[in-house]
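Summary of the model geometry
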Amino acid sequence: MPLALLALAVGAFGLGTTEFVMMGLLPDVADDLHISIPAAGHLVSAYALGVVIGAPLLAALTARLPRRTVLISLMGLFVAGNALSALAPGYDSLLAARFLSGLPHGAFFGVGAVVATNLVAPERKARSVSLMFMGLTVANIAGVPVATLTGQHLGWRATFLGVSLIGVAAMAAVFFLIRPTHTPAPASGLRGELTALRSLPVWLALATTVVGFGALFSAYSYITPMLTASAGYTQSSVTLLLALFGVGATIGNLVGGRLADHAMRGTLFGGLVSMVAVLLLFPVLMRTEGSAAVAVVLLGVAAFVTGSPLQLMVMERAAAGPSLASSANQAAFNLANAGGAWIGGVALAAGFGVTSPALAGTALAVLGLGVASVAYAVDRRRTVPVAVRDRVIASHVPEAVEPVHSS
C-alpha cells in the first residue's frame with residue numbers, strides 16, 4: 001500500500017473527530033453559550049446538513065480540477081470552518097461555522113476514495129478505500145475521546161483549534177505524499193459526472209447505503225441509554241464503551257476491505273446479514289455488562305464490514321464519472337444517520353422499551369438486504385457473460401454458402 005494513503009487517512013481522522021466530538025461537548029457548549037441541550041444538539045444537525053449539501057455540490061464544482069488540488073482545498077475549508085467554530089462569539093455564528101465545517105466532509109471522502117483506488121492495483125481497490133476510512137474509525141478510538149477530554153479541561157474552543165491543526169497536517173500530508181501525476185483532472189468533467197448519476201445501479205447502491213447504515217444509526221444513536229438503563233453501566237463508563245465501538249469499526253473496516261477485493265458482493269451481503277443477527281440479539285446481549293460490551297464491538301464490526309464494498313460499488317457503477325457519485329454516497333451515509341436516528345426514536349417514544357431501537361434497526365437491515373438483492377438482480381440482467389453473448393451472436397450468423405463453379 002502506498003504511503004500516499006496515509007495522507008488521506010489523516011484527513012479522514014480530522015473529519016471523523018470533528019463530526020463526532022460535538023456529542024461529548026454538548027453540555028460544555030450549552031453552559032458556555034447559555035443555551036439548552038436541545039438547542040446545542042442543533043450544532044450536530046448543522047454539521048450533518050453541511051455534509052449532505054456540500055458532498056454533491058463541491059464535487060460538481062470541482063469536477064474539472066486536479067484531484068490533489070481539490071483535496072487540499074477541501075481541507076483548507078475544513079480548517080477554516082473549525083477555526084471559526086473556535087472563535088465563534090455566539091450560538092448563531094457557531095451554528096454557521098459548524099455548517100461550514102461539514103461542507104467539505106463528503107466531498108473529501110468521495111474524491112479521496114477515487115484517488116485511493118487510482119494509487120493501487122485493481123485487485124487492491126477495496127483495501128485502499130478501507131485504509132482511508134481507517135482514519136475515520138480510529139478517530140472514534142482516539143480522536144473523539146482525546147478531543148472530548150481536551151474540551152472538558154481546556155474549554156470546547158480549544159478542541160476546535162486542535163482539530164484545525166489536524167486539518168493543517170492533512171493539507172501538508174496531501175501536498176507532500178500525493179504526486180500531481182497520480183491525481184490529474186478527470187477527463188469526463190461535470191457532464192460525465194452527471195451522466196453517471198443517471199444510472200439505476202448507482203441509485204440502488206446509494207439506497208443500500210441509506211437503508212443499510214440506517215440500521216446502524218437506529219441502534220447506535222441510543223446506545224447510551226441502552227448501556228445505562230439496560231446493561232447497568234454508569235454514565236462515566238460510556239466513553240470507554242464507545243471507544244470499543246471504534247475498535248470494532250476499525251476491525252470491520254479492514255476485514256471488509258480485504259474480503260471485498262475477492263468478493264465485493266458477497267462481503268456486502270455477509271455484512272448486512274451480520275447486522276441483522278447482531279441487532280436481533282441486542283435485547284438479549286444488553287442484559288449484562290459483559291455481553292453488552294461484546295455487543296458494542298460486534299455492532300462496529302458488522303456495520304463497517306459493508307463500508308468499503310458500498311463505496312466501491314457506487315464508484316464502479318459510475319465508472320464514467322465516479323467522483324460525484326462517490327461523494328453522493330457520503331451524503332447517503334449522513335442521510336442514514338439522520339433517518340436511522342429518527343426511526344429508532346419513534347420506536348423508543350412508542351414505549352417498546354429501551355432496546356427497541358435495535359429491533360427497528362433489524363428491520364432496516366433486512367430492508368437493506370432486499371435493496372441489495374434488487375441491485376444484484378439488475379446487475380445480472382444488464383451483464384451478459386461474454387461466452388453467452390458470443391453464442392447468441394454466432395447463432396444469428398448465416399452459414400457460409402459454397403460458391404458454385406460452372407464446369
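1. A few points about unusual backbone geometry
Phi angles above zero are rare outside glycine, and His 34 is one such case at about 60 degrees. Examined against the element boundaries, His 34 turns out to sit in the loop between helix H1 (4-33) and helix H2 (37-61). Judged by relative accessible area, which is 71%, His 34 ranks as exposed.

2. Focus: the confidence of the model for the protein chain
For residues with low pLDDT, the predicted coordinates do not support detailed interpretation. Put simply, the protein chain has an average pLDDT of 85, and 91% of its residues get 70 or more. Residue range residues 385-407 is modelled with pLDDT below 50. Its contacts to residues more than four positions away, or to other chains, number one contact.

3. Considerations on helix H9 (residues 223-230)
Turning to H9, its buried residues are Ile 223, Met 226 and Leu 227. In a view along the axis of H9, the buried residues occupy a sector of 95 degrees, so they form one face of it. Phi turns positive one or two residues past the end of H9, at Gly 232, with a value near 95 degrees.

4. Quick word on the nonpolar core
Formed by 59 residues in total, the largest nonpolar core has its most connected members in Phe 213, Leu 216, Leu 227, Met 275, Phe 282, Met 286 and Leu 299. Once you skip the residues sitting within four places of it in the chain, Leu 299 turns out to touch Leu 216, Tyr 220, Phe 245, Met 275, Val 278, Leu 279 and Phe 282. Ranked by size, the runner-up nonpolar core spans 38 residues in total, among them Tyr 47, Phe 109, Val 120 and Ile 178.

5. Things to note about the environment of Gly 270
Its location among the elements puts Gly 270 in helix H11 (residues 264-285). Each C-alpha atom of the pair Gly 270 and Gly 256 lies 9.6 Å from the other, and the pair is 14 residues apart in sequence.

6. Observations regarding the side chain of Thr 209
With respect to the secondary-structure elements, Thr 209 resides in helix H8 (residues 200-220). Residue classification places Thr 209 among the buried positions, given a relative accessible area of 0%. Separated by 2.7 Å, the side chains of Thr 209 and Asn 329 make a polar contact. In this view, Thr 209 contacts Gly 214, Leu 310, Asn 329, Ala 332, Phe 333 and Ala 336; residues no more than four positions away in its chain are not counted.

7. Overview of the packing of aromatic side chains
Any pair of aromatic rings gets described here by the distance separating the centres and the angle formed by the planes. With the rule as written, the count across this model stands at nine aromatic pairs. Ring geometry for Phe 269 versus Tyr 376: centroids 6.4 Å apart, planes at 85 degrees, classification edge-to-face. Here Phe 269, found in helix H11, pairs with Tyr 376, found in helix H15 (residues 356-382); they are 107 residues apart in sequence, far enough to count as distant. One aromatic cluster in this structure is built from Phe 213, Tyr 220, Phe 245, Phe 304 and Phe 333.

8. Some thoughts on the pattern of salt bridges
Counting across every chain of the model gives five salt bridges. Asp 261 serves as the salt-bridge partner of Arg 127, at 3.6 Å between the closest nitrogen and oxygen. In this pair, Arg 127 sits in helix H5 (residues 125-154) while Asp 261 sits in the loop between helix H10 (238-260) and H11, placing the two residues 134 residues apart along the sequence. Of the residues examined, Arg 127 reaches a relative accessible area of 15% and is grouped as buried. Here Asp 379 ties to Arg 317 by a salt bridge, and the two come within 3.0 Å at their closest N and O atoms. Taken as a pair, Asp 379 in helix H15 and Arg 317 in helix H13 (residues 307-317) lie far apart in primary sequence, 62 residues in all. For Arg 317, a relative accessible area of 22% translates into the label partly exposed.

9. Quick notes on the environment of Val 255
Mapped onto the elements, Val 255 comes out in helix H10. The class for Val 255 is partly exposed, based on a relative accessible area of 39%.

10. Digging into helix H14 (residues 322-349)
The terminal C-alpha atoms of H14, which comprises 28 residues, lie 40 Å apart, in line with the 40 Å expected from a rise of 1.5 Å per residue. Along H14, 20 of the 28 residues are buried, which leaves the element largely enclosed by surrounding structure. Phi for Gly 351, located one or two positions after H14, is positive at around 85 degrees.

11. A few points about the packing of H8 against H14
The angle between the axes and the distance between the axes are what describe a pair of packed helices. Contact geometry of H8 with H14 gives a least axis separation of 7 Å together with a crossing angle of 35 degrees. Judged by the twist between their axes, the crossing of H8 over H14 is right-handed. In this structure, H8 uses Val 202, Leu 206, Thr 209, Val 210, Phe 213, Gly 214, Phe 217 and Ser 218 to contact H14, whose residues at the interface are Ala 325, Ala 328, Asn 329, Ala 332, Phe 333, Leu 335, Ala 336, Asn 337, Gly 340, Ala 341, Ile 343 and Gly 344. Across the contact of H8 with H14, the residue classes tally to 13 nonpolar, seven polar and no charged.

12. A look at the packing of H5 against helix H6 (residues 156-177)
Relative to each other, H5 and H6 sit at 140 degrees, their axes nearing to 6 Å. Viewed along their axes, H5 and H6 adopt a mutual orientation that is oblique. Residues Ala 147, Thr 150, Gly 151 and Leu 154 of H5 pack against Trp 156, Ala 158 and Thr 159 of H6. In terms of residue class, the contact of H5 with H6 is built from four nonpolar, three polar and no charged.

13. Examining the environment of Gln 311
Residue placement: Gln 311 occurs in helix H13. Gln 311 sits in the buried class, given a relative accessible area of 0%. When the C-alpha atoms of Gln 311 and Pro 283 are compared, they prove to be 30 Å apart, with 28 residues separating the residues in sequence. Beyond its immediate sequence surroundings of up to four residues, Gln 311 is in contact with Gly 110, Ala 113, Val 129, Phe 133, Ser 326, Asn 329, Gln 330 and Phe 333. For Gln 311, the side chain forms a polar contact with the side chain of Ser 326, separated by 2.5 Å. At a separation of 2.9 Å, a polar atom in the side chain of Gln 311 contacts the side chain of Asn 329.

Criteria and cut-off values
Here the residue numbering is sequential within each chain, running from 1 through the sequence in written order. Where local features are concerned, this predicted model is filtered to residues with pLDDT of at least 70; where side-chain atom pairs are given and counted, the filter is 80 or more; whole-chain, interface and lining totals use all residues. Working from all heavy atoms in the structure, the side-chain values ignore hydrogens and water. Runs of H or I in DSSP of at least four residues are treated as helices and runs of E of at least two as strands, each being numbered from the N terminus. Each residue's exposure class comes from its accessible area (1.4 Å probe, protein chains only) as a fraction of the maximum for that residue type: buried when under 20%, exposed when over 50%, partly exposed otherwise. On a scale of 0 to 100, pLDDT captures the predictor's confidence in every residue. Residue contacts are defined here by distance: any two heavy atoms, one from each residue, within 4.5 Å place the two residues in contact. The arc in question is the one spanned by the directions pointing from the helix axis to the C-beta atoms. Throughout, nonpolar core names a set of buried Ala, Val, Leu, Ile, Met, Phe, Trp, Tyr and Cys residues whose side chains join them through atoms within 4.5 Å. The definition of a polar contact used here is a pair of N or O atoms within 3.5 Å, where within protein one atom must be able to donate a hydrogen and the other to accept one, and adjacent residues in sequence count solely through side-chain atom pairs. For this analysis, a ring pair means two rings from Phe, Tyr or Trp (six-membered ring only for Trp) whose centres lie within 6.5 Å, classed as stacked if their planes differ by under 30 degrees, edge-to-face if by over 60, and tilted for the remaining angles. Any Lys or Arg side-chain nitrogen located within 4 Å of an Asp or Glu carboxyl oxygen qualifies as a salt bridge. By definition here, a helix of n residues has an expected span of 1.5 Å times n minus one. Axes, fitted as lines to C-alpha atoms, cover a helix only where it is in contact. Angles between the N-to-C directions of the axes lie from 0 to 180 degrees. Should the near helix be turned anticlockwise from the far one by less than a right angle, the crossing is left-handed, and should it be turned clockwise, the crossing is right-handed. Put simply, Ala, Val, Leu, Ile, Met, Phe, Trp, Tyr, Cys and Pro go in the nonpolar bin, Asp, Glu, Lys and Arg in the charged bin, and everything else, Gly too, in the polar bin. Note on angle classes: values under 35 degrees are labelled roughly parallel, values over 145 roughly antiparallel, values of 65 to 115 roughly perpendicular, and the remainder oblique.

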